[in-house]
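Working through the structure, step by step
Each chain, letter by letter, is given below.
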Amino acid sequence: MKKLTHFDARGQARMVDVAGKAATQRVARAAGRIRMRPATLRQIAAGGAKKGDVLGVARVAAIQAAKRTPELIPLCHPLALTRIDVEFTVERRASAVRCVATAATVGPTGVEMEAMMAVTVALLTIYDMCKAVDRGMYFEDVRLLEKAGGRSGHWTARAGAQEVKAAGPGE
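Residues numbered from 1 in each chain as written. Predicted model: local features only at pLDDT ≥ 70, side-chain atom pairs only at ≥ 80, totals over all residues. Heavy atoms only, no water.

Counting secondary structure elements, the protein chain contains four helices and six strands. In sequence order, the protein chain lays out its α and β elements as β-α-α-α-β-β-α-β-β-β. A buried classification covers 40% of the 171 residues belonging to the protein chain. Within the protein chain, contacts between residues at least 6 apart in sequence are counted, and of these 66% link residues at least 24 apart. Roughly 10000 Å² of accessible area belongs to the protein chain as shown, and the carbon and sulfur atoms make up 55% of that amount. (Helix = DSSP H or I, 4+ residues; strand = E, 2+ residues; numbered from the N terminus. Buried < 20%, exposed > 50% of the residue type's maximum accessible area, 1.4 Å probe, protein only. Contact = heavy atoms within 4.5 Å. Areas by Shrake-Rupley, 256 points an atom, 1.4 Å probe, with all protein chains shown as cover.)

Okay, structure coming up:
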């Protein structure tokens, strides 16, 4: 089993030294969803929520959150992000909104935390904007879907499993 990298030999928390790592193209994709009452979902989908365009505001919040990830996760490195994409899917049968965020950079460390932060803050924003009509909303299945680049290669998740493939360096 691999060791935790954010601790030194004495067990003290530390920021990982990435100085010796190559700057490569790195991409991460994360997803999650928020479930709600059908009436709430209809308001969001119709753009008729009292506070306005819920998904538009959530998209901007997600992008802003990805850019500010190291301010909230203490041991994250500040990254020069090259791209943040945020997509929403209204899932009427599940009475939910699904969010998928993709983060990219060229650098010595990955962007998994930025993608996860984008999804989480998007869902929190939807909750905040709609809580007046539905305090029972809840998040589910927030997780990393895929990461590519760097020494550890390409990793893809699947439902009910830890990983589908983990390629070696250079893939």
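Let's shift gears to the side chain of T125. Mapped onto the elements of the fold, T125 is located in helix α4 (residues 112–130). In this structure the side chain of T125 is engaged in a polar contact, spanning 2.8 Å, whose partner is the backbone oxygen of V121. Here T125 is in contact with V57, A58 and A61, once residues within four sequence places are set aside. (Polar contact = N/O pair within 3.5 Å; in protein donor to acceptor, adjacent residues only side chain to side chain.)

It is worth spelling out the confidence of the model for the protein chain at this point. Across the protein chain, the average pLDDT comes to 88, with 89% of residues at 70 or higher. Scored below 50 in pLDDT, residues 161–171 makes 18 contacts in the model with residues more than four places away or belonging to other chains. (pLDDT = per-residue confidence, 0-100.)

There is a patch of nonpolar side chains on the surface, built from L124, F139 and V142 and spanning about 220 Å² of accessible area. By the secondary structure assignment, L124 is in helix α4. Exposure remark for L124: the relative accessible area of 44% places this residue in the partly exposed category. (Patch = residues over 30% accessible without salt bridge, like charges linked within 9 Å, V, L, I, M, F, W, Y side chains within 5 Å. Salt bridge = Lys/Arg side-chain N within 4 Å of Asp/Glu carboxyl O.)

If you look at the biggest cluster of nonpolar residues, it comprises 31 residues, and the most contacted ones within it are M36, F88, V97 and I126. Counting only elements with at least two residues in this core, the list comes to β1 (24–35), α1 (38–46), α2 (54–67), β2 (81–91), β3 (96–107), α4 and β5 (155–158). Among the elements that take part in this core, α4 stands out by supplying eight residues, more than any other. (Core = buried A, V, L, I, M, F, W, Y, C linked by side-chain atoms within 4.5 Å.)

On to the pairing of β5. Pairing analysis gives two bridges linking strand β4 (residues 138–148) to β5, with the strands arranged antiparallel. Across the sheet, E146 pairs through a bridge with T156, a residue of β5. The loop that links β4 with its antiparallel partner β5 comprises six residues; one of these, G149, has a positive phi angle of about 105°. (Pairing = 2+ DSSP bridges.)

Once that is clear, we can look at α2. Here α2 contains 14 residues, and its C-alpha end-to-end distance of 20 Å stays within 8% of the 20 Å for a straight helix at 1.5 Å per residue. Looking at α2, one finds that the buried residues are V54, L55, G56, A58, A61, A62, A65 and A66. Those residues of α2 that are buried lie in contact with α1, α3 (69–72), β2, β3 and α4. (Expected span 1.5 Å × (residues − 1).)

The topology assignment puts V133 in the loop between α4 and β4. In sequence terms V133 and A39 are 94 residues apart; their C-alpha atoms lie 9.0 Å from each other.

A separate point is the packing of α2 against α4. The contact between α2 and α4 brings their axes to 7 Å, and the two run at 145°. Where α2 crosses over α4, the two elements pack in a sense that is right-handed. In contact with V54, L55, V57, A58, A61, A62, A65 and A66 of α2, α4 contributes E114, M117, A118, V121, A122, T125, I126, M129 and C130. Of the residues contributing to the contact of α2 with α4, the split by class is 15 nonpolar, one polar and one charged. (Axes fitted to C-alpha atoms, helices over the stretch in contact; angles between N-to-C directions. Left-handed = near helix turned anticlockwise from the far one by under 90°. Nonpolar A, V, L, I, M, F, W, Y, C, P; charged D, E, K, R; others polar.)

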